[in-house]
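Commentary on secondary and tertiary structure
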Amino acid sequence: MAHRILAKIDSDGYLDMVSCSTEHGERMTELRESGFLDFVPSEQPQCATGYFAQDSFEIVDGKIVQSWEIKVDENYTKAMINDLKEQLSESDYKIIKCYESSLIGETLPYDIEALHNERQTIRDEINRLEAMIQ
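1. Description of the overall build of the chain
On a plain count of helices and strands, the chain comes out with 4 helices and 5 strands. Beginning at the N terminus, the succession of helices and strands in the chain can be written as β-β-α-β-β-β-α-α-α. A compact globule built from 134 residues should have a C-alpha radius of gyration of about 14 Å, whereas the chain, at 28 Å, is more than 25% larger.

2. Considering the side chain of Ser91
As for its placement among the helices and strands, Ser91 is situated in the loop between α2 (74-90) and α3 (92-103). Residue classification places Ser91 among the buried residues on the basis of a relative accessible area of 6%. Setting aside chain neighbours within four positions, we find Ser91 in contact with Leu115 and Arg119.

3. Let's talk about the pairing of strand β3 (residues 37-40)
Relative to β3, strand β1 (residues 3-9) runs antiparallel, the two being bridged by 2 bridges. The partner of Leu6 across the bridge, within β3, is Asp38.

4. Re the packing of aromatic side chains
According to the stated counting rule, one finds 2 aromatic pairs in the structure shown. Centroid distance Phe39 to Phe57: 6.2 Å. Interplanar angle 50°. Geometry classified as tilted. Highlighted residues: Phe39 in strand β3 and Phe57 in strand β4 (residues 51-60), separated in sequence by 18 residues. Residue classification places Phe39 among the buried residues on the basis of a relative accessible area of 11%.

5. Considerations on α2
Relative to the 24 Å expected for 17 residues at 1.5 Å per residue, α2 spans 24 Å between its end C-alpha atoms, a close match to the ideal helical length. Along α2, the residues classified as buried are Thr77, Ile81, Leu84 and Leu88. Viewed end-on, α2 has its buried residues packed into an arc of 65°, placing them on one side of the element. Structurally, α2 contributes buried residues whose contacts are with β5 (63-72), α3 and α4 (112-132). The opening residue of α2, the one whose side-chain oxygen lies 3.2 Å from the backbone nitrogen of Asn75, is Asp73.

6. Focus on the sheet that holds β3
For sheets, the rule is that strands pair by backbone hydrogen bonds, running either parallel or antiparallel. Read from one edge to the other, the open sheet built from 5 strands follows the order β2-β1-β3-β5-β4, with strand pairing classed as mixed. In the strand order of this sheet, the two ends are held by β2 (15-21) and β4, each with one partner. Taking the axes of each pair of neighbouring strands and ignoring which way they run, one obtains an average angle of 40° across the sheet. Where β3 and β5 come together, 3 bridges link them in parallel fashion. If you follow Val40 over to β5, its bridge partner there is Val65.

7. Brief notes about the environment of Met80
Mapped onto the fold, Met80 is located in helix α2. As a C-alpha pair, Met80 and Met17 span 63 residues in sequence and 37 Å in three-dimensional space.

About the cut-offs
- Residues numbered from 1 in each chain as written.
- Predicted model: local features only at pLDDT ≥ 70, side-chain atom pairs only at ≥ 80, totals over all residues.
- Heavy atoms only, no water.
- Helix = DSSP H or I, 4+ residues; strand = E, 2+ residues; numbered from the N terminus.
- Rg over C-alpha atoms; globule rule 2.2 N^0.38 Å.
- Buried < 20%, exposed > 50% of the residue type's maximum accessible area, 1.4 Å probe, protein only.
- Contact = heavy atoms within 4.5 Å.
- Pairing = 2+ DSSP bridges.
- Phe/Tyr/Trp six-rings, centres within 6.5 Å; stacked < 30°, edge-to-face > 60°.
- Expected span 1.5 Å × (residues − 1).
- Arc of directions from axis to C-beta.
- Polar contact = N/O pair within 3.5 Å; in protein donor to acceptor, adjacent residues only side chain to side chain.
- Axes fitted to C-alpha atoms, helices over the stretch in contact; angles between N-to-C directions.

Here it is as structure tokens:
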């Protein structure tokens, strides 16, 4: 028994889907008269961590066609930014100790160049992530 998926986009933009046997001609006619169209699905794409696939629907040639768009997961990205900012805060004491040591002419307790490079890498990643959600 062959089935067809029919769909209708409601006033809120949601999709109402019905599976109907092609053998039930009256039911198919009734659904089509109430605004249902053939539904053309597409496979949901795989997403990298921090992204999600959002589907949308468009009427093309008398059919409802599903398509997908890859979007940034803002909640995940904001959580990553907060984690990176916390990492910066956790190393602030090393900067303060180096500064104090330099003020009194003592040897720096940490490799300031390596520390700066590490912190700059974190700041660069924060900036990259922030640009993704703006």
